[in-house]
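Tertiary structure, described
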Amino acid sequence: MARKTDKLKIPASVSGPLRKAGFEIGQTGGSVFLWSGRTNPESIGSVDDLIIAFGDNGLYGDPTEHGWVVQKTDDSGMGYLLLSGLRLDEAIEVARKLPEPNGQEIEVVAGAERSVEEALELITEMASVGKPNP
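Bear in mind that the values here come from a model prediction, so they are computed numbers and not experimental data. For every chain, the first residue of the written sequence is number 1, and numbering continues from 1 onward in sequence order. Residue-level local features of this predicted model are given only where pLDDT is at least 70; pairs of side-chain atoms are given and counted only at 80 or more, and the full residue set underlies all totals for whole chains, interfaces and linings. Side-chain numbers here rest on the full set of heavy atoms in the structure, without hydrogens or water.

Mapped onto the secondary structure, K97 falls in the loop between α2 (88–95) and β6 (105–109). The exposure class assigned to K97 is partly exposed, which follows from its relative accessible area of 45%. For K97 and T124, which are 27 residues apart along the polypeptide, the C-alpha to C-alpha distance reads 8.9 Å. One polar contact links K97 to E93, side chain to side chain, over a distance of 3.0 Å. Put simply, DSSP H or I for four residues or longer makes a helix, DSSP E for two residues or longer makes a strand, and each gets a number counted from the N terminus. We call a residue buried when its accessible area falls under 20% of the maximum for its residue type, exposed when it is over 50%, and partly exposed in between, using a 1.4 Å probe and counting protein chains only. Polar contacts here mean pairs of N or O atoms no more than 3.5 Å apart (in protein, one a potential hydrogen donor and the other a potential acceptor; neighbouring residues in sequence count only if both atoms are side-chain atoms).

Written as C-alpha coordinates, this is what we have:
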(Lines give C-alpha, C1' and ligand atoms only; values in the text may rest on other atoms or scores of the structure.)
Protein backbone atom coordinates (compact mmCIF):
# COMPACT_ATOMS: atom_id res chain seq x y z
CA MET A 1 0.00 0.00 0.00
CA ALA A 2 1.45 3.37 -1.00
CA ARG A 3 1.90 6.03 1.64
CA LYS A 4 1.50 9.79 1.07
CA THR A 5 5.21 10.16 1.69
CA ASP A 6 6.28 7.77 -1.07
CA LYS A 7 6.11 10.57 -3.66
CA LEU A 8 8.26 12.99 -1.69
CA LYS A 9 11.71 13.49 -3.15
CA ILE A 10 14.07 13.76 -0.20
CA PRO A 11 17.79 14.08 -0.98
CA ALA A 12 19.80 10.99 0.06
CA SER A 13 22.13 13.27 2.02
CA VAL A 14 19.18 13.89 4.37
CA SER A 15 17.11 10.70 4.23
CA GLY A 16 20.09 8.33 4.46
CA PRO A 17 21.46 9.47 7.83
CA LEU A 18 17.98 9.93 9.33
CA ARG A 19 16.74 6.51 8.29
CA LYS A 20 19.99 4.90 9.44
CA ALA A 21 19.35 6.51 12.86
CA GLY A 22 15.83 5.05 12.97
CA PHE A 23 13.81 8.08 11.87
CA GLU A 24 10.97 7.84 9.36
CA ILE A 25 8.76 10.44 7.74
CA GLY A 26 5.60 11.07 9.70
CA GLN A 27 2.66 13.41 9.28
CA THR A 28 1.33 15.68 12.00
CA GLY A 29 -1.86 16.44 10.15
CA GLY A 30 -2.69 18.45 7.09
CA SER A 31 0.37 18.74 4.89
CA VAL A 32 3.02 18.92 7.63
CA PHE A 33 5.63 16.16 7.46
CA LEU A 34 8.51 15.69 9.90
CA TRP A 35 11.08 13.03 10.76
CA SER A 36 9.82 10.89 13.62
CA GLY A 37 11.95 8.76 15.92
CA ARG A 38 8.95 7.00 17.45
CA THR A 39 7.66 3.54 16.64
CA ASN A 40 4.66 4.72 14.61
CA PRO A 41 5.70 7.70 12.46
CA GLU A 42 2.36 7.66 10.64
CA SER A 43 0.67 9.01 13.78
CA ILE A 44 2.80 11.92 14.92
CA GLY A 45 0.67 13.90 17.31
CA SER A 46 1.28 16.04 20.32
CA VAL A 47 2.05 13.17 22.69
CA ASP A 48 5.31 11.32 23.28
CA ASP A 49 7.06 12.39 20.08
CA LEU A 50 10.68 12.70 19.08
CA ILE A 51 11.03 14.72 15.89
CA ILE A 52 13.72 16.26 13.73
CA ALA A 53 12.86 18.98 11.23
CA PHE A 54 14.56 21.59 9.13
CA GLY A 55 13.29 24.93 10.37
CA ASP A 56 9.73 25.00 11.63
CA ASN A 57 8.42 22.00 9.76
CA GLY A 58 10.68 20.96 6.93
CA LEU A 59 11.64 17.48 5.85
CA TYR A 60 14.86 18.55 4.26
CA GLY A 61 17.37 21.32 3.87
CA ASP A 62 21.12 21.64 3.67
CA PRO A 63 22.53 19.03 6.10
CA THR A 64 25.43 21.37 6.93
CA GLU A 65 23.25 24.40 7.70
CA HIS A 66 22.48 25.20 11.35
CA GLY A 67 18.74 25.18 10.71
CA TRP A 68 17.85 21.75 12.10
CA VAL A 69 15.61 21.36 15.15
CA VAL A 70 15.04 18.46 17.57
CA GLN A 71 11.92 18.33 19.71
CA LYS A 72 10.93 15.76 22.31
CA THR A 73 7.40 15.87 23.71
CA ASP A 74 6.38 14.05 26.87
CA ASP A 75 3.58 11.52 27.14
CA SER A 76 1.19 14.10 28.60
CA GLY A 77 1.50 16.20 25.45
CA MET A 78 1.98 19.25 27.67
CA GLY A 79 5.75 19.43 27.95
CA TYR A 80 8.50 19.55 25.40
CA LEU A 81 12.20 20.14 24.97
CA LEU A 82 13.31 21.90 21.80
CA LEU A 83 16.92 22.31 20.73
CA SER A 84 17.57 24.37 17.60
CA GLY A 85 20.49 25.80 15.66
CA LEU A 86 21.88 22.38 14.74
CA ARG A 87 23.39 20.71 11.68
CA LEU A 88 21.69 17.47 10.66
CA ASP A 89 24.42 15.25 12.14
CA GLU A 90 24.19 17.16 15.44
CA ALA A 91 20.40 16.88 15.48
CA ILE A 92 20.60 13.11 15.03
CA GLU A 93 23.19 12.79 17.79
CA VAL A 94 21.32 15.03 20.22
CA ALA A 95 17.89 13.50 19.58
CA ARG A 96 18.57 10.32 21.53
CA LYS A 97 20.27 12.19 24.37
CA LEU A 98 17.44 14.54 25.29
CA PRO A 99 15.93 13.80 28.69
CA GLU A 100 12.19 13.54 29.26
CA PRO A 101 10.52 16.97 29.47
CA ASN A 102 8.20 16.02 32.36
CA GLY A 103 5.60 18.69 31.65
CA GLN A 104 8.09 21.50 31.11
CA GLU A 105 8.39 23.68 28.00
CA ILE A 106 12.06 24.39 27.40
CA GLU A 107 13.72 25.79 24.28
CA VAL A 108 17.48 26.17 23.88
CA VAL A 109 19.42 27.42 20.85
CA ALA A 110 22.91 26.20 19.96
CA GLY A 111 25.05 28.57 17.97
CA ALA A 112 27.65 31.29 18.25
CA GLU A 113 27.12 31.81 21.98
CA ARG A 114 26.60 28.17 22.98
CA SER A 115 28.08 24.96 21.57
CA VAL A 116 25.88 21.94 20.92
CA GLU A 117 27.41 20.21 23.94
CA GLU A 118 26.72 23.24 26.16
CA ALA A 119 23.16 23.49 24.82
CA LEU A 120 22.53 19.81 25.56
CA GLU A 121 23.98 20.18 29.08
CA LEU A 122 21.81 23.26 29.69
CA ILE A 123 18.59 21.67 28.47
CA THR A 124 19.33 18.54 30.52
CA GLU A 125 19.98 20.61 33.64
CA MET A 126 16.87 22.70 33.11
CA ALA A 127 14.74 19.57 32.63
CA SER A 128 16.07 18.06 35.85
CA VAL A 129 15.33 21.01 38.12
CA GLY A 130 12.04 22.25 36.74
CA LYS A 131 10.84 25.13 34.68
CA PRO A 132 13.19 28.10 35.04
CA ASN A 133 12.00 31.52 36.20
CA PRO A 134 11.73 34.06 33.36
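Glancing now at the pattern of salt bridges. Only one rule defines a salt bridge in this text: a Lys or Arg side-chain nitrogen within 4 Å of an Asp or Glu carboxyl oxygen. Inspection of every chain in the model, using the stated rule, returns five salt bridges. Put simply, R19 and E24 hold a salt bridge, and the shortest N to O gap is 3.1 Å. Judged by its relative accessible area of 36%, R19 falls in the partly exposed class. Notably, a salt bridge pairs E100 with K72, separated by 3.0 Å at the nearest N-O pair. In this pair, E100 sits in the loop between α2 and β6 while K72 sits in strand β4 (residues 68–73), placing the two residues 28 residues apart along the sequence. By relative accessible area, K72 is classed as buried at 9%. Counted as one network, the salt bridges with shared partners bring together R87, D89 and E90.

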